[in-house]
Amino acid sequence: MNKIYYLASCDTCRKIIKSLPENHNLVFHDIKQNPITEAELEEMYKLSGSYEALFSRKAQLYKSMDLKNKALTEADFKKYILEHYTFISRPVFIIDGKIYIGNSQQNILQVMKALEGK
């Protein structure tokens, strides 16, 4: 099952979703309305190889909690992602068993190619 984990209130996520090919067959998962479960995070971890890769350092909580001055471990990254949805880098796509994390132009280009079956 191909999935997108996104935040409905995020302008960047909305813009990316609007640009998706019409026949994309993605299951949409709004991480604020329906928080990520530990099992879902484990699936993302297996595909990405680390919790840090899934972690967003752009989150306002990251700055307000002064996490940049702490030595965070993989266990910390996992804990924070499960505690609050803003800590996951978004959007996260899982397409045909491959994970695409974040909104970089190159990443979204790869998502489009994967959705078009190229």
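Presented here is an overview of the structure given in this document. Bear in mind that the values here come from a model prediction, so they are computed numbers and not experimental data.

### With respect to the layout of surface pockets
- What the largest pocket holds in volume is close to 320 Å³.
- In this structure, the largest pocket is lined by 15 residues; those nearest its centre are Ser-56, Lys-58, Ala-59, Thr-86 and Arg-90.
- A per-class count over the lining of the largest pocket returns four nonpolar, eight polar and three charged.

### Examining the state of the cysteines
- Going through the model one piece at a time under the given rule, you end up with zero disulfides.
- The cysteine Cys-10 is free of any disulfide, with Cys-13 supplying the nearest cysteine sulfur at 3.5 Å.
- A relative accessible area of 14% places Cys-10 in the buried class.
- On the accessibility criterion, Cys-13 (1% relative accessible area) is buried.

### Observations regarding the environment of Ala-53
- Take Ala-53: it is sitting in the loop between helix 2 (38-48) and helix 3 (60-64).
- Put simply, Ala-53 and Ile-88 are 35 residues apart on the chain and 9.1 Å apart in space, counted from C-alpha to C-alpha.
- Setting aside chain neighbours within four positions, we find Ala-53 in contact with Ser-48 and Ile-101.

Parameters and conventions
Residues numbered from 1 in each chain as written. Predicted model: local features only at pLDDT ≥ 70, side-chain atom pairs only at ≥ 80, totals over all residues. Heavy atoms only, no water. 1 Å grid on protein atoms, 1.4 Å probe; cavity = no way out; pocket = protein on both sides within 12 Å on 5 of 7 lines; lining within 4 Å. Points joined across faces, edges and corners; volume = space filled by probe spheres on them. Nonpolar A, V, L, I, M, F, W, Y, C, P; charged D, E, K, R; others polar. Disulfide = S-S within 2.5 Å. Buried < 20%, exposed > 50% of the residue type's maximum accessible area, 1.4 Å probe, protein only. Helix = DSSP H or I, 4+ residues; strand = E, 2+ residues; numbered from the N terminus. Contact = heavy atoms within 4.5 Å.

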